[in-house]
Amino acid sequence: MLLSVSDLEISYAKSKIPTVQGVNFQLDEGEILTIVGESGSGKTTVIRAILNVLPGGGEVTKGEIIFENKNLRELDSDGWRKLRGKNISMIFQDSGNMLNPVHTIGKQFVEYIQVHSDLDKKAAYDMAVDKLVLMNLPNPENILSSYTFELSGGMRQRVGIAMAITFQPKLLLADEPTSALDVTTQAQIVGELMFITRGTGAAMIMVTHNLGVASYLSDNLMVMSQGRVVEYGKTADVLNNPQAEYTKTLLAAVPEIGGRRYV
């Protein structure tokens with residue numbers, strides 16, 4: 001078992017009521033779990049809690065997050081520094097917003113590699129080039145010399161994925177990585193994420209609104225509403241035989257094309 005989350009509760013300082021309650025799931029190596037639900041259901045909060053990057057005074061107030069037999073709630077700052085980026089990485093909804101606009105992609109990418117390794121600047125640069133090539137980005141040297149505003153949304157997202165997979169992490173956390181992109185680019189990035197996880201044996205948790213993406217990508221599906229898990233199981237079982245009324249409502253909201261829903 002790579003990751004086990006038990007009775008997870010997450011609260012924010014200004015709220016007396018927990019934002020997320022009673023979340024339980026497990027993830028093996030090479031598995032993909034997708035978390036779906038409407039905005040505000042707690043999807044992103046769950047994956048941010050795993051990496052201990054909750055915003056605005058958020059904190060895990062109950063439960064366990066066990067990664068490779070270690071309780072992540074017991075890690076100190078040095079433990080988190082060693083874990084993030086190398087064993088667990090996160091792909092954000094818009095990677096361009098997570099990069100510094102006043103520095104080139106190359107400066108940030110090389111610094112990121114050097115922080116987590118003993119490589120010199122030349123070796124780190126070569127590694128950055130290799131990862132951009134893996135993401136099917138043309139002219140990687142030009143991209144490394146560019147600023148974020150000079151790249152398209154799809155290119156920025158590929159840069160974010162390239163950085164996240166640099167050290168072949170055992171767990172990828174992906175927060176709506178395709179929602180801001182056109183359909184063609186979405187399909188390409190989903191294919192690249194599947195290639196990464198299936199090819200390296202990494203596990204992934206993806207947050208998405210897109211049930212079609214969830215159906216295509218994931219082994220297991222978790223449906224959340226109002227901070228609670230309302231359904232969890234094998235993706236085919238949840239989609240073909242939903243038990244929760246909320247899940248049935250989500251499926252009914254998927255548009256039909258030619259009388260068929262593509263989930």
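Further up the page is the structure itself.
Rules used throughout
- The written sequence of each chain sets the order in which its residues are numbered from 1.
- The predicted nature of this model means local features are confined to residues of pLDDT at least 70 and side-chain atom pairs, given and counted, to a pLDDT of 80 or more, with totals for whole chains, interfaces and linings taken over all residues.
- Excluded from the side-chain calculations are hydrogens and water; all other atoms, namely the structure's heavy atoms, are used.
- Here the rule is simple: two strands pair whenever DSSP picks up at least two bridges between them.
- Numbering of helices and strands starts at the N terminus; helices are DSSP runs of H or I of at least 4 residues and strands are runs of E of at least 2.
- What qualifies as a polar contact is a pair of N or O atoms within 3.5 Å, subject to a donor-acceptor requirement within protein and to the restriction that residues adjacent in sequence count only when both atoms come from side chains.
- Throughout, the protein atoms alone are placed on a 1 Å grid, and a set of points is a cavity if a 1.4 Å probe fits but cannot get out or a pocket if it is open with protein on both sides within 12 Å along at least five of seven lines; lining residues have an atom within 4 Å of a point.
- Grid points are joined across faces, edges and corners, and a volume is the space filled by probe spheres set on the points.
- Under the scheme applied here, ten amino acids are nonpolar (Ala, Val, Leu, Ile, Met, Phe, Trp, Tyr, Cys and Pro), four are charged (Asp, Glu, Lys and Arg), and all others, including Gly, are polar.
- In what follows, residue pairs with any heavy atoms lying within 4.5 Å of each other are defined as contacts.
- We define a salt bridge as a contact between a side-chain nitrogen of Lys or Arg and a carboxyl oxygen of Asp or Glu at a distance within 4 Å.
- Accessibility here uses a 1.4 Å probe with only protein chains present; expressed as a share of the type maximum, an area under 20% marks a residue as buried, one over 50% as exposed, and anything in between as partly exposed.
- Multiplying 1.5 Å by the helix residue count minus one yields the expected span of that helix.

Novice: Could you give an account of the sheet that holds strand β1 (residues 3-11), naming the residues involved and the relevant values?
Specialist: Across the sheet, 4 strands lie side by side as β2-β1-β4-β5; this open sheet has antiparallel pairing. Among the strands making up the open sheet, the edge pair consists of β2 (20-27) and β5 (70-71). Both strand β4 (residues 59-67) and β5 contribute to a ladder of 2 bridges, which runs antiparallel. When the sheet's bridge partners are listed, I66 is paired in β5 with N71.

Novice: Tell me what's going on with the environment of T208, and back it up with residues and numbers.
Specialist: Mapped onto the elements, T208 comes out in the loop between β8 (203-207) and α8 (211-217). Along the primary structure T208 and I143 are separated by 65 residues, whereas in three dimensions their C-alpha atoms are 28 Å apart. Among the polar contacts made by the side chain of T208, one reaches the main-chain amide nitrogen of N210 at a distance of 2.9 Å.

Novice: Tell me what's going on with the layout of surface pockets, and back it up with residues and numbers.
Specialist: One number sums up the size of the largest pocket: a volume of about 430 Å³. As for the largest pocket, its lining consists of 18 residues, and the residues nearest its centre are M90, F92, M98, Y112 and M163. No other element matches the 4 residues that strand β6 (residues 88-91) contributes to the lining of the largest pocket. Of the residues contributing to the lining of the largest pocket, the split by class is 11 nonpolar, 5 polar and 2 charged. The space that makes up the second largest pocket amounts to roughly 170 Å³.

Novice: Before we move on, could you go through the side chain of T197 and cite the residues and values that matter?
Specialist: Counting through the fold element by element, T197 comes out in helix α7 (residues 183-200). A distance of 3.2 Å separates a polar atom in the side chain of T197 from the backbone oxygen of M194. Other than its neighbours up to four places away in sequence, T197 contacts I32, L172, A202 and M204.

Novice: Please set out the pattern of salt bridges residue by residue, giving values where relevant.
Specialist: Summed over all chains, the structure comprises 10 salt bridges. Of the charged contacts, one joins D78 and R81 as a salt bridge, the two residues approaching to 2.9 Å between their closest N and O atoms. Taken as a pair, D78 and R81 lie in helix α2 (residues 77-83) at a separation of 3 residues, close to a single helical turn. By relative accessible area, which is 34% here, D78 ends up partly exposed. When the shortest N-O distance is used, the salt bridge between D126 and K122 registers 2.7 Å. Taken together, the residues span about one helical turn, with D126 and K122 both in helix α4 (residues 121-134) at a distance of 4 residues. D126 gets classed as partly exposed once you look at its relative accessible area, which sits at 31%.

Novice: Account for α7, naming residues and giving values.
Specialist: The end-to-end C-alpha distance of α7, which contains 18 residues, comes to 26 Å, matching closely the 26 Å that a straight helix rising 1.5 Å per residue would cover. Within α7, burial applies to T185, Q186, I189, V190, E192, L193, M194, I196 and T197. G201 sits one or two residues past α7 and shows a positive phi near 80 degrees.

Novice: Got a sec to walk through the environment of M98? Specific residues and values, please.
Specialist: In this structure, M98 sits in the loop between β6 and α3 (105-115). Along the sequence, M98 and R156 sit 58 residues apart, while their C-alpha atoms lie 10.0 Å from each other.

Novice: If you had to explain the pairing of β4 to someone new, which residues and values would you point to?
Specialist: Here β1 runs beside β4; their pairing, made up of 7 bridges, is antiparallel. Bridge pairing in β4 places E9 opposite K62. The turn linking β4 back onto β5 is made up of 2 residues, and E68 within it adopts a positive phi angle of 50 degrees.

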